[in-house]
Each structure stands twice: as structure tokens, then as C-alpha cells.
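# Coordinate inspection notes
Here are the chains, one letter per residue:
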Amino acid sequence: MGRLAGKVALISGGNSGIGQATAALFAAEGAQVMIAARDMTKAEATLERIVKAGGEADVIKCDVRQAELCQRAVDATLTRFGRVDIVFNNAGIVPMGSVLETSLDVWQDVLATNVSGTFFLSKAALPVMIEQGSGVIVNNCSDWGVVGGHHAAAYSTSKGAVALLTKSMALDHARQGIRVNAICPGDTYVERWDSRRHAEQSKAEWMDSLGRGFPMGRVGSVEEIAKAVLFLASDESSYMTGQLLVVDGGNTAGGTSVQY
């Protein structure tokens, strides 16, 4: 029996990267998974992957910047699976730039997606969890939400806000049987990174050059982060709430992540 057998999970941004890997892992561990995403083509591909592997899942179009769509995602999960046990607030964007390099539009979009999106989906799911008397929320923060990052003013700010939102929700709802924690990934390879690679570099060469900047000598994989999310979502972390679980290859111990 899987570690999430009988559980229902709602994952925002579950169509790619860490969200996709987590959706697949949750399903493999017995959860019924609702994938909420803007890109339905990728979401359907993730759904197909899960179903082919014997899992149970569904998809719903959701832009987390809109509160009504977050409520719709929770309602759809209830209609399809009957409850909401786990929410993984994973949807987010990662623009780079200092304060001077960041436009007002980018600043507002980062906060709307990374901070308000986490707030909206949590706000929609919490009443369900309170009524159930149980639930787990995992927020996707970042190591840069813990220590800050070079040329990432908007992103680091948004993830710092997610870190404290995590702690505040944990305190507010601990006595209602709800745990709230955050995963704080370090540099983790996702497909969007490929646009930053020079044409003359092979992927292997590029990844090797990136990895040299970190204590463990490499960047992380989405599967590694998904395993940590699984820990926070499962009963294995039953005495944890309000915590930031940093999974960064040692970066915040004194490494640097400025190369990419």
C-alpha cells in the first residue's frame, strides 16, 4: 500500500517540472490527483502518463492569479474525488533581475502568481480541510526565499512572503488538524532552463558547468524535490508544521547559485 493511499491531492502547476514529477509520484503512492494548470496540453500529457502507470487523476484549467478559478479547482476536486487531503501550491514563475532591472508588470505578475496564487488556493481549500478535521498544505518556496538570491529581487521577495505565509497558516490551523509546510528547492533542472543554454554547449556540458557552483557539484532533479514533497504530504512528517524544508544540495550552507 502506498504512502498516500486513500488521499486526494490537488496540485497547482502540475503540468510540468516539479509539479509534474510530484503528481506522478503522488499517484504512484496511491493518491488520487487533480492537476490544476494553465497549459492544458501539458496537463493532459501528465494525466496520460499517470493513467498509463496505473494511477488515478484528472485535470482542470486554473490560473492561480484568479481567486475564482482556485475555488473552482477545489470544487472540481471535491466533485471528482469527494475530498481534499493535500494541496501542493506549486504554480510559480521565476523571472530574473535586480530591482532596477524588474519592470512594474513583472513585479506585479510575480507577486500575483507566487504569493496571491498560494493564498487563493489555500483559502479555497482550508474550509474543506477544517470540515474534514484534517489536511496538509505544502507550499513551493525556494532556498532564495530563505536567504535571497542575486538578480532575483521579485522572485526572492515573493518566496520570502510564501515562507511567512506558510508559518502563519500553520499556526492558525494546527489545532484543526491541518499541517502547513514548505519545500524550498535549490537549483533544480527544469525544461525552461534550456533557453539559457548557449547553442554551442551540449546539455551535459552546460549542466556540468552549472553544477560546479554548488557544494554537491550538481544541480537537483525534479524527482528529488518530489520525494521531499511526498515526505511533507505524508504521515511520515506528522509532527511537522510551519517548517521550511530546504532541499538545495548545500547551497544555503554557503554555496552560490549565480551562474545560470
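Look above for the structure.
Residues numbered from 1 in each chain as written. Predicted model: local features only at pLDDT ≥ 70, side-chain atom pairs only at ≥ 80, totals over all residues. Heavy atoms only, no water.

## Some words on the overall build of the chain
Along its length, the chain carries seven helices and seven strands. Going from N to C terminus, the chain has its helices and strands arranged as β-α-β-α-β-α-β-α-β-α-β-α-α-β. If one aligns the C-alpha atoms of the chain with their principal axes, the spans along those axes are about 50 × 40 × 35 Å. Long-range pairs, those at least 24 residues apart, make up 72% of the contacts in the chain between residues at least 6 apart in sequence. (Helix = DSSP H or I, 4+ residues; strand = E, 2+ residues; numbered from the N terminus. Contact = heavy atoms within 4.5 Å.)

## As for helix 4 (residues 104-132)
The end-to-end C-alpha separation of helix 4 is 41 Å, in line with the 42 Å expected for 29 residues at 1.5 Å each. Roughly 40 degrees is the biggest bend found in helix 4, and it falls at Ser116. Directly beyond the C-terminal end of helix 4, a positive phi value near 80 degrees is found at Gly133. (Expected span 1.5 Å × (residues − 1). Bend = angle between axes of the 7 residues up to and from the residue.)

## What to know about helix 1 (residues 17-28)
With 12 residues, helix 1 extends 17 Å between its outermost C-alpha atoms, agreeing within 8% with the 16 Å of an ideal straight helix rising 1.5 Å per residue. Trailing helix 1 by a residue or two, Gly30 shows a phi angle of about 100 degrees, which is positive.

## Quick word on the pattern of salt bridges
Tallied over the full model, the rule gives 10 salt bridges. With a shortest N-O distance of 3.3 Å, Glu48 and Lys52 are connected by a salt bridge. In this pair, Glu48 and Lys52 are both assigned in helix 2 (residues 40-52), four residues apart and thus about one turn of the helix distant. Across the salt bridge formed by Asp208 and Arg212, the nearest N and O atoms sit 2.7 Å from each other. Of the residues examined, Asp208 reaches a relative accessible area of 40% and is grouped as partly exposed. With relative accessibility at 61%, the residue Arg212 sits in the exposed group. If you follow the salt bridges from partner to partner, you end up with Arg3, Glu29 and Glu236 in one network. (Salt bridge = Lys/Arg side-chain N within 4 Å of Asp/Glu carboxyl O. Buried < 20%, exposed > 50% of the residue type's maximum accessible area, 1.4 Å probe, protein only.)

## Details of the sheet that holds strand 1 (residues 8-12)
With respect to topology, seven strands assemble into an open sheet ordered 3-2-1-4-5-6-7, the strand pairing being parallel. Taken across any chain shown, the strands that pair with only one partner, and hence form the sheet edges, are strand 3 (56-61) and strand 7 (244-247). Pairwise comparison of adjacent strand axes, ignoring direction, gives a mean angle of 20 degrees for this sheet. Pairing of strand 2 (residues 32-37) with strand 3, which is carried by six bridges, proceeds in the parallel orientation. (Pairing = 2+ DSSP bridges. Axes fitted to C-alpha atoms, helices over the stretch in contact; angles between N-to-C directions.)

## Considering the packing of helix 1 against helix 2
Where helix 1 contacts helix 2, the axes come no closer than 10 Å and their chain directions differ by 25 degrees. In terms of their interaxial angle, helix 1 and helix 2 are classed as roughly parallel. Classified by chirality, the crossing of helix 2 by helix 1 is right-handed. On the side of helix 1, the interface is formed by Gln20, Ala23, Ala24 and Ala27, while helix 2 contributes Thr46, Arg49 and Ile50. Residue composition of the contact of helix 1 with helix 2, grouped by class: four nonpolar, two polar and one charged. (Parallel < 35°, antiparallel > 145°, perpendicular 65-115°, else oblique. Left-handed = near helix turned anticlockwise from the far one by under 90°. Nonpolar A, V, L, I, M, F, W, Y, C, P; charged D, E, K, R; others polar.)

## Examining the nonpolar core
If you look at the biggest cluster of nonpolar residues, it comprises 31 residues, and the most contacted ones within it are Phe26, Val33 and Ile183. Mapped by element, the contributors of at least two residues to this core are strand 1, helix 1, strand 2, helix 2, strand 3, strand 4 (86-89), strand 5 (135-140) and helix 7 (222-233). A per-element tally of this core places helix 7 first, with eight residues. Those residues in contact with Phe26 that lie beyond four places of it in its chain are Leu4, Ala9, Ile11, Ala31, Val33, Ile86, Val229, Leu230 and Ala233. Within the second largest apolar cluster, 27 residues are counted, among which are Leu69, Val87, Ala170 and Ile178. (Core = buried A, V, L, I, M, F, W, Y, C linked by side-chain atoms within 4.5 Å.)

## Here we look at empty space enclosed by the protein
Under the criterion given, the structure shown has one cavity of 30 Å³ or more. In this structure, the largest cavity encloses a volume near 30 Å³. What lines the largest cavity is Ser12, Val64, Asn89, Asn90, Ala91, Thr113, Gly117 and Thr118. Here the lining of the largest cavity gets three residues from one element, more than from any other, and that element is helix 4. Looking at side-chain class alone, the lining of the largest cavity contains two nonpolar, six polar and no charged residues. (1 Å grid on protein atoms, 1.4 Å probe; cavity = no way out; pocket = protein on both sides within 12 Å on 5 of 7 lines; lining within 4 Å. Points joined across faces, edges and corners; volume = space filled by probe spheres on them.)

## Let's talk about unusual backbone geometry
Phi angles above zero are rare outside glycine, and His151 is one such case at about 55 degrees. Position of His151 among the secondary structure elements: in the loop between strand 5 and helix 5 (153-173). Assessed through its relative accessible area of 51%, His151 is described here as exposed.

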